[in-house]
Amino acid sequence: MTAAITSSRPSPLLRAFTGVLCAALAFSPLPAAAASPASFGMFAAAPAPASTGNTIGLFRLSGDPASAEALRSQILTDMSAAGYNVKGVALDIEGAAGKVKCKGGADACVGKVIEWLNKGAAKSGTVYDYLIYGNVGGPTGASSIVIYDVAKKAKVKEFTPSLNPDDLILPLALPRAMVANLNNYRTPAASATAEEQKILAELDEPAKTPEELAAEKAAIDDAVGKVAAGQGELIDTSNVQVDLKKDFKDFCRTGPAKPRVNKDDPKDLRPVCKRGPTFGYFQTRAWVALGLTAGALLTTGIFYSLGLAARGPYKSALDDLNNSGLDKTDPLQSDEYTRMAADVADKGNTMRNRLIGGDVALLTTVLLAGVLAVIIYQDRTDAKDFIKTEKSLKSVSRIQNVRGGPILSRGMQGFGFGFNF
């Protein structure tokens with residue numbers, strides 16, 4: 001059996017249609033969606049993360065470890081409480097500059113640090129708007145904390161505090177000041193309105209000419225001179241007389257003296273009524289000096305009395321020696337003579353020592369009496385000044401609330417007095 005093999009060839013019409021279709025596909029533009037690789041999910045590029053405007057990159061602070069970490073923690077707390085999105089950076093600014101191989105310092109390398117930082121942060125969709133970096137010195141070292149605007153590539157504010165371990169206020173106040181500065185930077189205060197500027201302009205006094213200034217100064221000098229002259233006439237106390245005996249009852253005190261609050265507080269110089277005008281003006285030091293003088297005088301009397309008492313035995317022993325008829329050159333009588341002579345010398349030394357003690361005590365008494373006299377004079381002089389001041393105040397108080405001073409205004413210049421009767 002023979003199979004029949006046949007071959008079919010496309011018709012001319014079909015070949016013509018196919019050619020027209022291929023030509024149309026070759027020269028026709030592709031759709032925009034097909035032409036862009038982003039239309040296919042597997043080839044689409046990741047969109048750039050958008051800035052939120054409040055993201056802060058908080059670097060570690062270099063310097064003193066304890067102070068730096070405490071301050072960084074407080075900055076994180078206060079910035080977060082103010083609504084900022086704070087992201088901690090594991091390095092300080094110097095360490096980050098080393099990562100990007102920049103040796104120009106923090107201010108010079110912050111741009112490269114931002115580029116390196118944003119590349120790593122973009123994977124998590126983070127864009128840093130501001131940076132905070134700096135260093136914290138020790139008790140005597142300088143500190144610098146910087147807030148940096150990433151978009152404007154400029155410092156918002158640089159703080160240079162002097163941090164001290166004993167200062168408990170600054171570590172709390174500094175982060176709050178940083179928050180306030182950043183808030184004011186992001187939302188500046190509105191400028192003054194036209195109405196507010198008008199009010200401010202009306203508050204300012206118009207500028208004065210040199211002639212007006214000179215006339216005003218002359219008026220002030222003249223008024224001050226009149227005040228001095230007028231007050232001098234009102235408070236003239238040159239005629240006030242003080243008599244310690246006659247004025248004693250008017251100014252003496254019956255109770256204890258007023259205690260002094262501190263060393264600058266004046267002493268209570270009022271005399272004591274019960275002591276009379278003679279001893280009433282004595283202050284404490286006068287009583288001390290009087291006691292010492294009296295003690296020295298009593299000691300003088302005791303020594304002189306003892307010396308005079310020892311004179312009798314001395315004279316008696318001397319008379320016994322002279323009347324004994326002993327010959328000191330006679331070996332048989334020399335021992336007895338020596339014994340009686342030694343007794344005379346011993347009683348004579350006793351008398352002499354007591355009289356010398358009396359002389360010393362007398363000299364001490366004279367010196368203490370001089371000191372006492374000076375102290376009494378000073379106390380009475382202070383009392384006179386005190387009483388004179390009190391009497392002067394009483395005479396001045398007859399006119400109550402005396403007021404005087406220059407009057408300077410646009411409408412009038414001069415001097416004025418006021419009294420309340």
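Note that residues are indexed from 1 along each chain, following the sequence as it is written. Given that the model is predicted, a residue must reach a pLDDT of at least 70 before its local features are reported, and side-chain atom pairs must reach 80 or more before they are shown or counted; all residues, however, enter totals for whole chains, interfaces and linings. With hydrogens and water excluded, all non-hydrogen atoms of the structure serve as input to the side-chain values.

Another point: the UniProt feature "transmembrane region" (unreviewed entry) in the protein chain. Residues annotated in UniProt with the feature "transmembrane region" (unreviewed entry) correspond here to residues 286-306 and 355-377. The numbering of helices and of strands both runs from the N terminus, where a helix is a DSSP run of H or I of at least 4 residues and a strand a run of E of at least 2. When the span residues 355-377 is considered, its composition is 100% helix and 0% strand, and the gap between its end C-alpha atoms is 33 Å. UniProt positions are given in the numbering used here, feature names are shortened, and annotations may be inferred rather than shown by experiment.

A few words on the environment of Leu318. Tracing the backbone through its elements, the reader meets Leu318 in helix α11 (residues 284-323). Expressed as a C-alpha distance, the spacing of Leu318 and Ala341, which sit 23 residues apart in the sequence, is 7.9 Å.

Counting 21 residues, the largest nonpolar core has Met79, Ile132, Ile145 and Met178 as the members making the most contacts within it. Elements with a minimum of two residues in this core: β1 (55-60), α3 (65-81), β4 (130-136), β5 (144-149), β6 (154-159) and α6 (170-186). Remark: nonpolar core denotes a set of buried residues (Ala, Val, Leu, Ile, Met, Phe, Trp, Tyr, Cys) joined through side-chain atoms within 4.5 Å. Note on classification: 1.4 Å probe, protein chains only; a residue is buried when its accessible area is under 20% of the maximum for its type, exposed when over 50%, partly exposed between these limits. In terms of nonpolar packing, the next biggest core, distinct from the first, is built from 19 residues, Val89, Val110, Val113 and Val146 among them.

Let us look at the pattern of salt bridges. One side-chain nitrogen of Lys or Arg within 4 Å of one carboxyl oxygen of Asp or Glu is enough to make a salt bridge. Under the counting rule described, the total for this entry stands at seven salt bridges. Across the pair Glu69 and Arg60 runs a salt bridge, and its minimum N-O distance is 3.5 Å. The partly exposed category is assigned to Arg60, whose relative accessible area is 38%. Across the pair Lys217 and Asp221 runs a salt bridge whose closest N-O atoms are separated by 3.1 Å. Here Lys217 and its partner Asp221 are both found in helix α8 (residues 210-234), four residues apart, which amounts to about one turn of the helix. Classification of Lys217 as exposed rests on a relative accessible area of 54%. Here Asp221 falls in the partly exposed class, since its relative accessible area comes to 45%. Within this structure, Asp107, Lys155 and Glu158 form a network of salt bridges that share partners.

On to the packing of aromatic side chains, then. Side-chain rings of Phe, Tyr and Trp, where Trp is taken by its six-membered ring, are said to pair if the distance between their centres is within 6.5 Å; with planes under 30 degrees apart they count as stacked, over 60 as edge-to-face, and otherwise as tilted. Inspection of every chain in the model, using the stated rule, returns six aromatic pairs. With centroids separated by 5.6 Å and ring planes inclined at 70 degrees, the aromatic side chains of Phe248 and Tyr281 adopt a geometry described as edge-to-face. Taken together, the positions of Phe248 in helix α9 (residues 248-251) and Tyr281 in the loop between α10 (276-279) and α11 put the pair 33 residues apart, joining distant regions of the chain. Their ring planes at 70 degrees and their centres at 5.3 Å tell us that Phe279 and Phe282 sit as a pair that is edge-to-face. Feature note: the residues Phe279, Phe282 and Trp287 constitute an aromatic cluster, connected by ring pairs.

This paragraph deals with a nonpolar patch on the surface. Each patch is built from residues that are more than 30% exposed by relative accessible area and take part in no salt bridge. Like charges join if they lie within 9 Å; nonpolar side chains (Val, Leu, Ile, Met, Phe, Trp, Tyr) join within 5 Å. For every accessible area listed, the method is Shrake-Rupley and the probe measures 1.4 Å; residues are considered covered only by the protein chains on display. There is a patch of nonpolar side chains on the surface, built from Ile199, Leu200 and Leu203 and spanning about 320 Å² of accessible area. Relative to the elements of secondary structure, Leu200 occurs in helix α7 (residues 194-203).

Take unusual backbone geometry next. Apart from glycine, the bulk of residues carry a negative phi angle, and the bulk of peptide bonds sit in the trans form. Its identity is not glycine, yet Lys101 carries a phi of approximately 60 degrees, on the positive side. Structurally, Lys101 can be placed in the loop between α4 (93-99) and α5 (106-122). Take Lys101: its relative accessible area is 73%, and that puts it in the exposed class. Phi at Lys153 takes a positive value of approximately 55 degrees, unusual for a residue other than glycine. Inspection of the secondary structure puts Lys153 in the loop between β5 and β6. The exposed category is assigned to Lys153, whose relative accessible area is 66%.

Relative to the elements of secondary structure, Asp78 occurs in helix α3. Here Asp and Glu are counted as negative and Lys and Arg as positive; His is not counted, and neither are the chain ends. In this structure, Asp78 is buried with no salt-bridge partner, the nearest side chain bearing the opposite charge being Arg176 at 4.4 Å. Dropping the residues within four chain positions of it, Asp78 is found in contact with Leu172, Pro175, Arg176 and Val179. Note on definitions: a residue-residue contact is assigned when non-hydrogen atoms from the two residues lie within 4.5 Å.

The term disulfide is used for any two cysteine sulfur atoms that are within 2.5 Å. Within the structure shown, the criterion is met by two disulfides. Covalent S-S linkage joins Cys102 and Cys109, the inter-sulfur distance amounting to 1.9 Å. Measuring the twist about the S-S bond at about -80 degrees, one finds the Cys102-Cys109 disulfide to be left-handed. The disulfide partner of Cys252 is Cys273, and the S-S distance across this bridge is 1.9 Å.

So, about the packing of α3 against α6. Across the interface, α3 lies against α6 with an axial gap of 9 Å and an inter-helix angle of 45 degrees. In terms of orientation, α3 and α6 fall into the oblique class. Considering only the axes of α3 and α6, their crossing is right-handed. Residues Leu71, Gln74, Ile75, Asp78 and Met79 of α3 form the contact with α6, whose participating residues are Pro171, Leu172, Leu174, Pro175, Arg176, Met178, Val179 and Leu182. Between N-to-C directions, angles span 0 to 180 degrees; the directions come from axes that are lines fitted to C-alpha atoms, helices contributing only their stretch in contact. Any angle from 65 to 115 degrees is called roughly perpendicular, while one under 35 is roughly parallel, one over 145 is roughly antiparallel, and all others are oblique. Left-handed is the label given to a crossing in which the near helix is rotated counterclockwise from the far helix by less than a right angle, and right-handed is the label when the rotation is clockwise.

It is worth spelling out the confidence of the model for the protein chain at this point. Per-residue confidence for the protein chain averages 78 on the pLDDT scale, and 77% of its residues sit at or above 70. Scored from 0 to 100, pLDDT records how confident the predictor is in each individual residue. Low pLDDT, under 50, characterises residues 26-46; the predicted model gives this stretch six contacts beyond four residues in sequence or across chains.

With that settled, consider the pairing of β1. The buried fraction of β1 amounts to five of the six residues, a majority that puts the element mostly inside the structure. A pair of strands is labelled paired if DSSP reports no fewer than 2 bridges between them. Sheet topology places β1 next to strand β3 (residues 85-92); five bridges connect them, and they run parallel. Counted as the bridge partner of Gly57 is Lys87 from β3. One ladder, built from three bridges, connects β1 with β4; its direction is parallel. Counterpart to Ile56 in the pairing with β4 is Tyr130.

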